[in-house]
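# Observations on the model geometry
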Amino acid sequence: MVCKMAMFMDLNVNFTKDKKTLQNIIETAAHLGYSTVAINYTLESQQKKPEIPKPTSISDLFTKLPVVQGRSRPIRVLSRLTVVATDPSHFRPNAEYKAFDLVAVFPKTEKLFHAACMTFEVDIICVTVTEKQPFHFKRAPVNGAIDRGVFFEIVYTPAIRDSTMRRYTIGNSLGLMETCKGKGVILSSGAEKPLELRGPYDIANLGLVFGLSEGDAKAAVSTNCRSVVLNGETRTTAFGIIRTMKKPPPAPTASEEDKSEERENSAAKRAKMEH
Amino acid sequence: MEEPAAFERLVYKNASNFHYMKICLVLENGSRNIEAAQFKQLIVSGLRQLYGEVGAAFPFDLLKFDPGTLTGILRVYNSGLVKLWSALTLIGSYQNELCAVRVTQVSPFLLALSGNSRELELDQASPTGEKLLLT
C-alpha cells in the first residue's frame, strides 16, 4: 500500500468577479502547498428574490492549472455554495445546489443551527467569526452534526484583518471547542486577496490558539477537509452507491444510449424513493 | 565469568533548547527597504497584539536578516514556538500596507535551514531523476 502524505485543502476562497485576483489566489494557494481549493459563492437570502449563482468553470480561469508545491501535480479547484440563512425557508435544496461540489449553510439563529446540524443536507456549517456568537452551542445538535459527518468551519481571514474580529474568532471557536472537543472542525481562509492566505502548517499551528489539540489542528486542514469533499461527492448520488450522470455530448448511437441512461436514472430514483 | 548484558534503554531526547525559523516577509506593493530593527519591531508588535505585554516580553532573537529578500532567521525557545508562530501568522499589515509572513522552514537545528529540499530541482533529462541539481 502506498502511504499517502496528508493533503492540505482550503475549502473557502471567496469568489470575486476580478479574474486576475482569483487566479492570483489560486496560484498562491498552490505555491503554499494546498492541493485542493474551493471557490466560495455566497447566497444572501435577505434580498427579495435571491439569485443562485452559477459556478464559473475552471477552464475559464486557467488553461493550465498551477502545480502544487512539493507534489508536482496540478491543484484541484472545487466550487462551493454558502447559503446564509436567517429563516428556515432560505435553505431550499434544489437542482441548482447540485451544480456545486460543496454546499455550506450559515445559520444565524439557534433554531436554524439546530436544523442545520440535524436535518439539512449540507457538508459544512459556518461558525460566526465577525461578531459575538448570538447563541450557545448545545451538545445535542453539535454531536448530531458530527455523527452525520457534517463539519463546522472556522474562517481565519477576519482574524488577520482586524484585532476586534480576532477576539471574536478566538472566542467563538473556544466556545465551539468546549462542546465539540475538537472533533468535526475544519479551518479555512475565506481569503479575498492572495496575501490573506497562510500556509497549511501555519494554520495547523494557529489551530492550537483556537483551542484544538495538535492532532485535531492538523486534521482540520487535511483529513477533515477530505471527508467534507467526499461527503459532497456522495450528496449527488443515491446513498453513495449509484450515481447518474449525463453522457458527454458526442453520442454516435443516440437511441440505444438514451435508453440505458433512462434505465440508470430510474434505478437511482427508485432507490431514493425507497429510502 | 562476565555477567550477561543488562537490558538498557536509551531514549534520545531532543537536546536542543531552541527552534529556528526561516521566515520571509511579503508586502503588497513589492519589497522596500526595511531594516532588521524594524522587522523585529513588527514581530514584537504582532506578539503584543495577540498576547499582550507578557507576550511581547518573551525572548526570541533575529539571528540574520537579509533586507534585499526580506528573509530572516529567528531563534526561539521551544516553549515559545507556538506563541511566536501564531503571532507571525496573524500579522496582516505593516505600516498600513497588506503583508504576510511566510514561514519557509522550522527546525530544532540551525544547520537544517541551510538547504531546502523543496527548492531542489530534479534533473528532467534523466528518466529516474536520480541526479539532483542544487540551485
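Quick caveat, the model's predicted, so the values are computed rather than measured.

Turning our eyes to something else, we now look at the overall build of chain B. Within chain B, the regular secondary structure consists of two helices and seven strands. Counting from the amino terminus, chain B carries its helices and strands in the arrangement β-α-β-β-α-β-β-β-β. By residue count, 39% of the 135 residues in chain B fall in the buried class. Sequence-distant contacts in chain B: of pairs separated by 6 or more residues, those separated by 24 or more amount to 65%.

Residues and elements named next belong to chain A. Tallying each qualifying case throughout the model produces eight salt bridges over all chains. Measuring nitrogen to oxygen at the nearest pair gives 2.7 Å for the salt bridge that ties Arg-80 to Glu-153. Of this pair, Arg-80 sits in strand β3 (residues 76–85) while Glu-153 sits in strand β6 (residues 151–155), placing them 73 residues apart in sequence. Here Arg-161 ties to Glu-196 by a salt bridge, and the two come within 2.9 Å at their closest N and O atoms. Here Arg-161, found in helix α5 (residues 157–161), pairs with Glu-196, found in the loop between β7 (185–188) and α7 (200–209); they are 35 residues apart in sequence, far enough to count as distant.

Aromatic rings considered in pairs are described by the distance between their centres and by the relative angle of their planes. Residues and elements named next belong to chain A. Inspection of every chain in the model, using the stated rule, returns ten aromatic pairs over all chains. Centroid distance Phe-8 to Tyr-201: 5.1 Å. Interplanar angle 70°. Geometry classified as edge-to-face. Here Phe-8, found in strand β1 (residues 8–14), pairs with Tyr-201, found in helix α7; they are 193 residues apart in sequence, far enough to count as distant. On the accessibility criterion, Tyr-201 (39% relative accessible area) is partly exposed. Here the basic side chain of Lys-108 rests over the ring of Phe-106, its NZ or CZ set 4.5 Å away from the ring centre.

Next up on the list: the sheet that holds β6(A). Residues and elements named next belong to chain A. Across the sheet, which stays open at both edges, the seven strands sit in the order β1-β2-β3-β4-β5-β6-β7 with parallel pairing between neighbours. A strand with exactly one partner marks an edge of an open sheet, and here the two such strands are β1 and β7. This sheet shows a mean twist of 30° between the axes of neighbouring strands, independent of strand direction. Across three bridges, strand β5 (residues 124–126) lies against β6 in parallel orientation. Along β6, the bridge assignment pairs Cys-126 with Glu-153. Each of β1, β2 (34–44) and β3 is contacted by helix α1 (residues 19–32), which is oriented at about 145° to β2, the strand it contacts most.

Interfaces are frequently sized by the accessible area removed from exposure as the parts join. If you look at the interface, chain B gives 20 residues, while chain A gives 20 residues. In total, chain B and chain A occlude about 1700 Å² of area from one another, counting both sides; carbon and sulfur atoms represent 62% of this. Where chain B meets chain A, there are zero salt bridges. One can count eight residue pairs in polar contact (both at pLDDT 80 or more) joining chain B with chain A. When contributions to the side of chain B that touches chain A are tallied by element, the ones reaching two or more residues are β1 (18–27), α1 (36–57), α2 (81–89) and β5 (97–107) of chain B.

This part is about the sheet that holds strand β2 (residues 60–66) of chain B. Residue and element names in this part refer to chain B. Taken in spatial order, the five strands line up as β2-β3-β1-β5-β4 in an open sheet, and their pairing is antiparallel. Taken across any chain shown, the strands that pair with only one partner, and hence form the sheet edges, are β2 and β4 (93–94). Two elements, β1 and β5, share eight bridges in a ladder whose sense is antiparallel. Bridging from a neighbouring strand, Leu-27 pairs with Cys-99 of β5.

This part takes up the nonpolar core. Membership of the largest hydrophobic core comes to 93 residues, with the highest contact counts inside it found for A:Ile125 and B:Leu84. It is α1(B) that contributes the most residues to this core, seven residues altogether. Sequence-distant contacts of B:Leu84, defined by excluding residues within four places in its chain, comprise B:Met21, B:Ile43, B:Leu47, B:Phe58, B:Phe60, B:Leu74 and B:Val76. Core analysis: the second largest hydrophobic core is formed by 15 residues, A:Val84, A:Phe106, A:Cys126 and A:Val229 among them.

With 84% of its residues at a pLDDT of at least 70, chain A reaches an overall mean of 80. The weakest mean pLDDT in chain A belongs to helix α10 (residues 254–274) of chain A at 52; the strongest belongs to β6(A) at 91.

Conventions we followed
- Residues numbered from 1 in each chain as written.
- Chains lettered and ligands numbered in written order.
- Predicted model: local features only at pLDDT ≥ 70, side-chain atom pairs only at ≥ 80, totals over all residues.
- Heavy atoms only, no water.
- Helix = DSSP H or I, 4+ residues; strand = E, 2+ residues; numbered from the N terminus.
- Buried < 20%, exposed > 50% of the residue type's maximum accessible area, 1.4 Å probe, protein only.
- Contact = heavy atoms within 4.5 Å.
- Salt bridge = Lys/Arg side-chain N within 4 Å of Asp/Glu carboxyl O.
- Phe/Tyr/Trp six-rings, centres within 6.5 Å; stacked < 30°, edge-to-face > 60°.
- Lys NZ or Arg CZ within 6 Å of the ring centre and 35° of its normal.
- Pairing = 2+ DSSP bridges.
- Axes fitted to C-alpha atoms, helices over the stretch in contact; angles between N-to-C directions.
- Buried area = accessible area lost by both parts, 1.4 Å probe.
- Polar contact = N/O pair within 3.5 Å; in protein donor to acceptor, adjacent residues only side chain to side chain.
- Core = buried A, V, L, I, M, F, W, Y, C linked by side-chain atoms within 4.5 Å.
- pLDDT = per-residue confidence, 0-100.

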